[in-house]
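Structural features, examined
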Amino acid sequence: MKNSIEILRSGSFSSIQDIKRKNSRVYGIPRSGPMDKRSHILSNWLLGKNSCEETIEMTLIGSKLKFHFDTKISLCGAKSECFLNNRTIPMNQVLSVEKGDVIDIRKIIHGNWLYLSVSGKIISDSYFDSISTYEKVEIGGNNGRKLSNGDYLKFKPLKTINNRKVPKELINNFNEKIIRVIKGPEHKLLESKIDYFTENPFTVSPTSDRMGIRLNKVGKSIDFDISIKSSPVVEGTIQVPPDGNPIVLMSDSQTTGGYPRLGVISSVDISKFSQIKPNEIIRFRFISLEESIALIDYDFKKVKSRIGIDLVS
Amino acid sequence: MRKNFSYEYLGDRALIISVTQGGINNIHEIYSILSKKLEDLVLDFVKTPESLALYNDPYKVSVKDLSKRVKSLLESETLGKKERIAKTWKIPVCYDGSFGLDIKHVSKKTNLSPKEIIDIYLKGIYKVNMIGFLPGFVYLSGLDKKLSIPRKKTPRKEISEGSIAIANRQTGIYNIKSPGGWNVIGKTPTSLFNKNSNPPIRLKEGDIVKFYEINIQEFNKLKNNEK
């Protein structure tokens, strides 16, 4: 098929994601979008695409894709074993792909989420302005489903630009495990036990998914039998269920929740947090809303000065 | 009407406006004002019975600046101008044994027979309290306290679409297949959530819902008509 990519191997969970969905939460429909927005944005920047445009997100074992047209691609995010016709290829730069070439993302090594951007626009029905895939109601790209063996993605090719490379200082080093958090509405209800959240670390649970990342207490967990009226939640919200093992809501987050909201991860740390692998240790550090806003401002200016784009979230 | 709002931040990514009076009508009204006037600044809204959440892109507008805009907009508005007339929805429900997965459990907990449970349930006049959590999930208030039992300790991994369930003083309609911890007592063949219509859900917060009983033959017939 002309201007298409054929899925030879689907991988663990590969899906199309963009940063465009708007006005859907009022009906209980999540915004979705990439887990690591920063890497998504960088892979689009490499090809001269707008930050919000779609990429293919992969995790654990990536996809094997056959290209039926000449194009350019880029790979950003989790450090992965990437091959073009069985030859290793680098990440964080522009790569040329010819008709008949096979790109194989065999294994994700450091981090969880890899982004493949293609110099083309995926032809797909959009839903609330977006082609982010959300399988529960089958909306977004690839008929609302993750990639499966034998699927074809059709593209409208875009103009390619001169070669770019992601500046080193903008690449995640996967070493940072301290996550900055702004206090949440129910922080006070949990205050007597706040040391529990700051003194000892948590590990990332392997049962996490795009809806939420579950954390396990290192050492003994304590009970929090507090429930609240169903209240709004957002990506980055740290909920505390009765067993004391927090859940951090992510891209496919529900719109409301009944567990106390300990805090919300600062927007500058969500992408980094999404890449922390299962069983790795993380710690929370509380910062004020003002500090978080200042960090966002700094981040925005830094990226603007290095690569000339406006960050989005 | 006097304006009684309180404001709260949800990290750097959302602003929650709570109303202390006027309830859902007030929420609908401020939603209709703010969704028009702040179209470029707000990504999403979420309504609860007492609050409206506004979601911002923190790289475009800080939640503090958004809050200033909202306050000045709401200052200049007179609220309580138009009361939305609540619609009444009559929804068929089938209590066939294959659908009422937890009716025996409810019966045990409430000391009522399945027949009594159904009779009490059908007499109820319910109000749409909230839409959300998952796509199209409808929270209805007004469940008779005789039927009030807690959520199940271990949630089911999958509850089929159309399932009608109860927990505490609420009843809910699972409009899409999803995991869930409520006690399932029946099922409706009518799909209230259709991703292809605009808006995808026909009920609105504040609407009234009454249920009527159908048998399995009628259920199957209605289900086929839906397709």
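1. Section: the packing of helix H1 (residues 23-37) of chain B against helix H2 (residues 63-75) of chain B
All names here are of chain B. Viewed as axis vectors pointing N to C, H1 and H2 meet at an angle of 120 degrees, and their least axial separation amounts to 11 Å. When the interaxial angle is binned, H1 and H2 end up oblique. The interaxial crossing formed by H1 with H2 has right-handed handedness. Counted together, Ile30, Ile33, Leu34 and Lys37 of H1 and Val70, Leu73 and Leu74 of H2 form the full contact between these two elements. Here the contact of H1 with H2 is built from residues that sort into six nonpolar, no polar and one charged.

2. What to know about the sheet that holds strand E18 (residues 261-265) of chain A
Sheet strands pair via backbone hydrogen bonds, and the direction of the pair is either parallel or antiparallel. Residues and elements named next belong to chain A. Strands sit in the order E11-E18-E15-E16-E13-E12-E19 around a closed barrel of seven strands; the barrel is mixed. Averaged over neighbouring strand pairs, the angle between their axes works out to 40 degrees when direction is ignored. Bridge count for strand E12 (residues 202-204) against strand E19 (residues 281-287) is two bridges, and the pairing is antiparallel. Across the sheet, residue Phe202 finds its bridge partner in E19, namely Ile282.

3. Digging into the interface of chain B and chain A
Taken together, the contacts link 37 residues of chain B with 36 residues of chain A. Here the side of chain B that touches chain A takes five residues from strand E3 (residues 42-47) of chain B, the largest share from any one element.

4. Regarding the domain arrangement of chain A
Residue and element names in this part refer to chain A. When cut into domains, chain A gives domain 1 (4-170) and domain 2 (178-307). One C-alpha centre belongs to domain 1, the other to domain 2, and the line joining them spans 26 Å. Taken together, the contact between domain 1 and domain 2 spans 19 residues of the former and 13 residues of the latter. Those elements that provide at least two residues to the side of domain 1 that touches domain 2 are helix H1 (37-46) and strand E8 (102-118). A per-element tally of the side of domain 1 that touches domain 2 places H1 first, with four residues. Here the residues of the side of domain 1 that touches domain 2 are counted per class, giving nine nonpolar, six polar and four charged.

What counts, and where the lines are drawn
- Residues numbered from 1 in each chain as written.
- Chains lettered and ligands numbered in written order.
- Predicted model: local features only at pLDDT ≥ 70, side-chain atom pairs only at ≥ 80, totals over all residues.
- Axes fitted to C-alpha atoms, helices over the stretch in contact; angles between N-to-C directions.
- Helix = DSSP H or I, 4+ residues; strand = E, 2+ residues; numbered from the N terminus.
- Parallel < 35°, antiparallel > 145°, perpendicular 65-115°, else oblique.
- Left-handed = near helix turned anticlockwise from the far one by under 90°.
- Contact = placed C-beta atoms within 7 Å.
- Nonpolar A, V, L, I, M, F, W, Y, C, P; charged D, E, K, R; others polar.
- Pairing = 2+ DSSP bridges.
- Domains from an automatic or database assignment.

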